[in-house]
Amino acid sequence: MQQRGNFSSKLGVILATAGSAVGLGNIWRFPYEAGSSGGGSFLLLYLLFVLLLGVPVILAEFVVGRSSQRNASAAFQVLAPNTPWHWVGKMGVLTGLLINGFYAVVTGWTFAYLFKSLTGGLMESGVDYQTLFDKMTSDTWAPIGWMLVVMLVAHTIIRKGVSGGIERASKILMPLLLVVMLVLSVHSCMLAGAPEGLKFLFYPDFSKITPTVAFRALGQAFFSLSLGMGCLITYSSYFKQDVDLQRSALQIALLDTLVAIIAGIIIFPAVFTFGVEPEAGPGLVFKVLPNVFAQMGYPFVWSSLFYLLLSIAALTSLISLHEVVTAYVSETWHVSRRWASWSVVGVVSVLGVFSSLSFGLLKDVQLFGRTFFDWLDFITSSVFLPLGGMLISIFVAWKLDRSRLENELAGKGRYAKAVLPFLIFILRYIAPVAIFVIFITSIIGA
Ligand code: PHE
């Protein structure tokens, strides 16, 4: 077997894993999902799911990854040889490929906006940002071109391996992202629509809580935490033995949630100030924010910084999606990381072309009211990720050797010890049952 990489420091572990978690899911997907599912009530369910289900399932993935030191599929083969469990890992690898297929397109949009901003076209006066977004995404070639650029950048970083590429990039990019977001959120709080926007985001209207909202909030929680598809199995297989899993899981979940909330604080005041519908869907961030920048001093600087930030966040997540498949291909078929990564670029680019055309040429090619892009998004976030998370927690809590589980999960300090039985209880009973119930009720309610 070829030598596997490792994350070289504890900070690197947190930053790289948080780099995977923090991405378009927080800044692009969270606001539009919250916007179309009632704001505060969605946020409440989302927070509940992150804490109650997200953190334990992160730990379950960490246990599988670190104790096996293998990719998402081989991990199950090592821990439970001659059982069908490796299919859970393979489903994860497939999910990674599918998410990649639309994620690369949206990352391409952010690159395009960054480029437009840097070259002065975005902040020209009189631009109608709704039209601009629709025109840009419905074009045939440009978005495909940007998607390919994105894939090449991801490939270049992936090729350099775990600590050289992923870790180094995350160490610089993650803190930068937080700083820029904080500045923007302070500015948004001074907009005229801030009270209304903040009320929409934070005030839960309990009458808006339905099985469908719960289903979407669960999908969003898993998507945002990079959960349920073996991404965290793959990353934690590069963790060293001295990494405290409990503490890391908590830190990553908190950071990820914080970024989503800050994104909400940036976006909803603007939504209400500029009279955009919170239900605007996947175009929300792209249609609303340029209006904000245009009102600020130095709009060019703010818009460029923001799209730089969004591109960075998207890229670190895209890299993690890419890494899951690359590690699997390279270790299963014994090919170099370079060739494994190229093959991922090839398959994802094909999926990406169809996703991208879903906004133009293939807009009307729909199945049950969904385009190709919508299907990739829906089937992965709402179905495969929760399903994967459920199976992984069942595996860890019921199948894995109890002493191995306790060893891996044992954190430092008294508190960590006290929490251990509670965690195992959640993984055994609460997580599988809750996910199952949410699934079933939303299917019946649909
Ligand atoms: N968590 C990432 C985001 O919020 C997306 C992602 C999902 C990455 C699944 C890896 C695995 O953007």
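The structure under discussion appears in the preceding block.
One structure accompanies this document, and this report is about it. (Residues numbered from 1 in each chain as written. Predicted model: local features only at pLDDT ≥ 70, side-chain atom pairs only at ≥ 80, totals over all residues. Heavy atoms only, no water.)

## Concerning the packing of helix 3 (residues 40–68) against helix 17 (residues 402–409)
To keep it simple, the criterion reads: Every axis corresponds to a line fitted to the C-alpha atoms, with the helix fit spanning only the stretch in contact, and the corresponding angles, defined between N-to-C directions, vary from 0 to 180 degrees. In DSSP terms, a helix is any run of H or I states spanning at least four residues, a strand is any run of E spanning at least two, and both are numbered starting from the N terminus. Orientation labels follow simple angle bins: below 35 degrees gives roughly parallel, above 145 gives roughly antiparallel, 65 to 115 gives roughly perpendicular, and whatever is left gives oblique. Whether two residues touch is decided by their heavy atoms; if any such pair falls within 4.5 Å, the residues are in contact. Residue polarity follows a fixed list, in which Ala, Val, Leu, Ile, Met, Phe, Trp, Tyr, Cys and Pro are nonpolar, Asp, Glu, Lys and Arg are charged, and the others, Gly among them, are polar.
One way to put it is that helix 3 packs onto helix 17 with a least axis distance of 10 Å and a crossing angle of 105°. Comparing their axes, helix 17 and helix 3 come out roughly perpendicular. Where helix 3 approaches helix 17, its residues Leu59, Val63, Arg66 and Ser67 are matched on the opposing element by Arg404, Leu405, Glu408 and Leu409. In the contact of helix 3 with helix 17, the residues fall into four nonpolar, one polar and three charged.

## Digging into the environment of isoleucine 319
The condition that has to hold: Only protein chains enter the accessibility calculation, which uses a 1.4 Å probe. A residue is then buried if its area is under 20% of the maximum for its type, exposed if over 50%, and partly exposed in between.
With respect to the helices and strands, the residue isoleucine 319 is situated in helix 14 (residues 299–332). By relative accessible area, isoleucine 319 is classed as buried at 4%. Sequence-wise, isoleucine 319 and serine 20 are 299 residues apart; in three dimensions their C-alpha atoms are separated by 7.5 Å.

## Remarks on the site of the ligand
Filter applied, for reference: Here a residue is considered near a molecule or strand provided that any single heavy atom belonging to it is located within 4 Å of it. N or O atoms closer than or at 3.5 Å make up a polar contact, with two conditions inside protein: a donor-capable atom paired with an acceptor-capable one, and, for residues adjacent in sequence, both atoms drawn from side chains. Residue exposure ignores everything except the shown protein chains as possible cover, and the areas themselves are Shrake-Rupley values with a 1.4 Å probe.
By nearness alone, 15 residues border the ligand, and Ala21, Gly25, Tyr103, Phe223 and Ser226 come closest of all. Between the ligand and the protein, one listed contact pairs a nitrogen atom with a backbone N or O atom of serine 224 at 3.1 Å. Side-chain polar atom of serine 226 to a nitrogen atom of the ligand: 2.9 Å apart, as the coordinates give it. Protein chains shield 100% of the accessible area of the ligand, which is 320 Å² for the free molecule. When contributions to the shell around the ligand are tallied by element, the ones reaching two or more residues are helix 1 (10–21), helix 2 (24–36), helix 10 (211–224) and helix 14.

## Re the side chain of glutamate 61
Within the secondary structure layout, glutamate 61 lies in helix 3. Separated by 3.1 Å, the side chain of glutamate 61 and the backbone nitrogen of leucine 232 make a polar contact. For glutamate 61, the contacting residues outside a window of four places in its chain are Leu227, Gly228, Met229, Gly230, Cys231, Leu232, Ile233, Ser236 and Ile392.

## Notes on the environment of arginine 338
Considering the arrangement of structural elements, one finds arginine 338 in helix 15 (residues 337–357). Accessibility expressed as a relative area gives 39% for arginine 338, which makes it partly exposed. Remark: the alpha-carbon pair of arginine 338 and arginine 66, spanning 272 residues in sequence, is separated by 24 Å. Once residues within four sequence positions are removed from consideration, arginine 338 is found in contact with His155 and Arg159.

## Concerning the packing of helix 3 against helix 12 (residues 245–273)
The line we're drawing: Crossing chirality is assigned from the near helix's rotation relative to the far helix, an anticlockwise turn below a right angle marking it left-handed and a clockwise turn marking it right-handed.
Two elements in contact, helix 3 and helix 12, have axes whose closest approach is 9 Å; the angle formed by their N-to-C orientations is 145°. Regarding helix 3 and helix 12, the two cross each other, and that crossing is right-handed. Contacts between helix 3 and helix 12 involve Leu43, Tyr46, Leu47, Val50, Val55, Ile58, Leu59, Phe62, Val63 and Arg66 on the former and, on the latter, Leu245, Gln246, Ser248, Ala249, Leu250, Ile252, Ala253, Asp256, Thr257, Ala260 and Ile261. Among the residues making up the contact of helix 3 with helix 12, the classes are represented as 16 nonpolar, three polar and two charged.

## Description of the environment of lysine 240
Mapping lysine 240 onto the fold places it in the loop between helix 11 (231–236) and helix 12. Judged by its relative accessible area of 37%, lysine 240 falls in the partly exposed class. Residues lysine 240 and asparagine 6 lie 234 residues apart in sequence; the distance between their C-alpha atoms is 7.0 Å.

## Quick notes on the packing of aromatic side chains
Counted only if it meets this: Between the rings of Phe, Tyr and Trp (Trp by its six-membered ring), a pair exists once the centres lie within 6.5 Å; its type follows the angle of the planes, with under 30 degrees stacked, over 60 edge-to-face, and the other angles tilted.
Summed over all chains, the structure comprises 31 aromatic pairs. When the ring of phenylalanine 215 is compared with that of phenylalanine 439, the centres are 5.9 Å apart and the planes differ by 55°; the resulting orientation is tilted. Of this pair, phenylalanine 215 sits in helix 10 while phenylalanine 439 sits in helix 18 (residues 414–445), and the two are 224 residues apart along the sequence. Phenylalanine 439 matches phenylalanine 215 in its accessibility class, with the two residues each being buried. An aromatic cluster of three or more residues is present, and its members are Phe102, Tyr103, Trp109, Tyr113, Phe133, Phe223, Phe286, Phe293, Phe306, Tyr307, Phe359 and Phe373.

## Looking at a positive patch on the surface
Note the following rule: Patches draw on residues past 30% relative accessible area with no salt bridge. Two like charges within 9 Å are joined, as are two nonpolar side chains (Val, Leu, Ile, Met, Phe, Trp, Tyr) within 5 Å. Put simply, a salt bridge is a Lys or Arg side-chain nitrogen that is within 4 Å of an Asp or Glu carboxyl oxygen. When charges are tallied, Lys and Arg are placed among the positive residues and Asp and Glu among the negative ones, while His and the ends of the chain are skipped. Charged side chains are reduced to one point each, which is NZ for Lys, CZ for Arg, CG for Asp and CD for Glu.
On the surface, Arg159, Lys160, Arg168 and Arg338 cluster together into a positively charged patch. Looking at the secondary structure, you find arginine 159 in helix 7 (residues 141–159). Arginine 159 sits in the partly exposed class, given a relative accessible area of 45%.

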